[in-house]
Amino acid sequence: ALAFNIDMVGKLAFLLKAVNFHERVLQWSLVTRIYYKVVTKKEDFFSAWNSCLHHITSLSLAYIHRVALGQFSLAVRCCPDREDQALLMKFCLLYGTKLVFQEQAWYLERKYLTPTASMQIRSQLMDLCEPVKDDALKVISAFNIPHINLHAPIAGIPNPRATWAFYPVAMLAQAGEPARSPRSRL
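It should be emphasised that the depicted structure is a prediction, and the values quoted were computed from it without experimental measurement.

Chemist: When you look at the overall build of the protein in this model, what are you seeing that I'm missing?
Modeler: Summing up its helical and strand segments, the protein has eight helices and zero strands in all. Reading the helices (α) and strands (β) of the protein from amino to carboxyl end gives α-α-α-α-α-α-α-α. Burial statistics for the protein: of 186 residues in total, 33% are counted as buried. Of the roughly 12,000 Å² that the protein leaves accessible, carbon and sulfur atoms contribute 64%.

Right under this line is the structure:
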């Protein structure tokens, strides 16, 4: 059964199930490949393992993505401040949608997504970017990253059409201290 029959594509539950499905399928297929190489083709385990390194790397990333999204969603649910919780939920949905979007072809090949649901994922990704762009610096400031790092040329390219991408005005530092971003409520 397809996951979107139960959950709406735009819901966090769908995104969590999708990244979990991705990891489980990669796990199963890796085990199957190694088993086939070792048991059926009589390769030594080391050679079988080495021939599956790309698969192992994909599985490692799928695991990291599942854990990161799961922990992010847990942190959002446990956030005591309703305003901060709503803000973090936007970013959590954006992150989860980005994870599914970047593996969109993989989900389509396995019929986890229909073409319509796949288009909804892309549309949702674009729709989620718009409301969070104004809050991005507020959230980043909660990490107390030095202001000079956020405004380094590598952090953005000056572009008159994307003024939000580069902030050339640096905050003045106290004598002997590095400049820091102002703290937010997060």
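Chemist: So what exactly am I meant to see when it comes to the nonpolar core here?
Modeler: Generally speaking, a soluble globular protein has its nonpolar side chains buried in company with each other. Counting 35 residues, the largest nonpolar core has Phe 14, Leu 15, Leu 69, Val 100, Tyr 107, Leu 113 and Ile 121 as the members making the most contacts within it. Every element with two or more residues in this core is listed here: helix 1 (12-40), helix 3 (53-78), helix 4 (82-102), helix 5 (104-109) and helix 6 (115-132).

Chemist: It is not clear to me how the environment of Glu 23 should be interpreted in this structure. Could you clarify?
Modeler: Mapped onto the elements, Glu 23 comes out in helix 1. Of the residues examined, Glu 23 reaches a relative accessible area of 5% and is grouped as buried. As for Glu 23 and Leu 59, which are separated by 36 residues in sequence, their C-alpha atoms are 6.2 Å apart. In this structure, Glu 23 is in contact with Leu 59, Ala 62, Tyr 63 and Arg 66, ignoring residues within four places of it in sequence.

Chemist: Before we go on, may I ask you to explain helix 3 in this structure?
Modeler: One turn of the α-helix equals 3.6 residues, which is why residues spaced by three or four share an orientation. Helix length check: helix 3 (26 residues) gives 37 Å between terminal C-alpha atoms against 38 Å at 1.5 Å per residue, within 8%. Looking at helix 3, one finds that the buried residues are His 55, Ile 56, Leu 59, Ala 62, His 65, Leu 69, Ser 73 and Val 76. Tucked into the core, helix 3 has its buried residues touching helix 1, helix 2 (45-51) and helix 4.

Chemist: Would you mind going over the environment of Val 67 with me for this structure?
Modeler: Mapped onto the elements of the fold, Val 67 is located in helix 3. Taking the relative accessible area as the measure of exposure, Val 67 reaches 30% and is therefore partly exposed. Each C-alpha atom, one on Val 67 and one on Val 19, is 9.2 Å from the other, the two residues being 48 residues apart in sequence.

Chemist: Just checking my understanding: could you explain the side chain of His 55 for this structure?
Modeler: By secondary structure assignment, the location of His 55 is in helix 3. The class for His 55 is buried, based on a relative accessible area of 12%. Excluding residues within four positions of it along the chain, His 55 makes contact with Leu 26, Ser 29, Leu 30 and Arg 33.

The rules we used
Residues numbered from 1 in each chain as written. Predicted model: local features only at pLDDT ≥ 70, side-chain atom pairs only at ≥ 80, totals over all residues. Heavy atoms only, no water. Helix = DSSP H or I, 4+ residues; strand = E, 2+ residues; numbered from the N terminus. Buried < 20%, exposed > 50% of the residue type's maximum accessible area, 1.4 Å probe, protein only. Areas by Shrake-Rupley, 256 points an atom, 1.4 Å probe, with all protein chains shown as cover. Core = buried A, V, L, I, M, F, W, Y, C linked by side-chain atoms within 4.5 Å. Contact = heavy atoms within 4.5 Å. Expected span 1.5 Å × (residues − 1).

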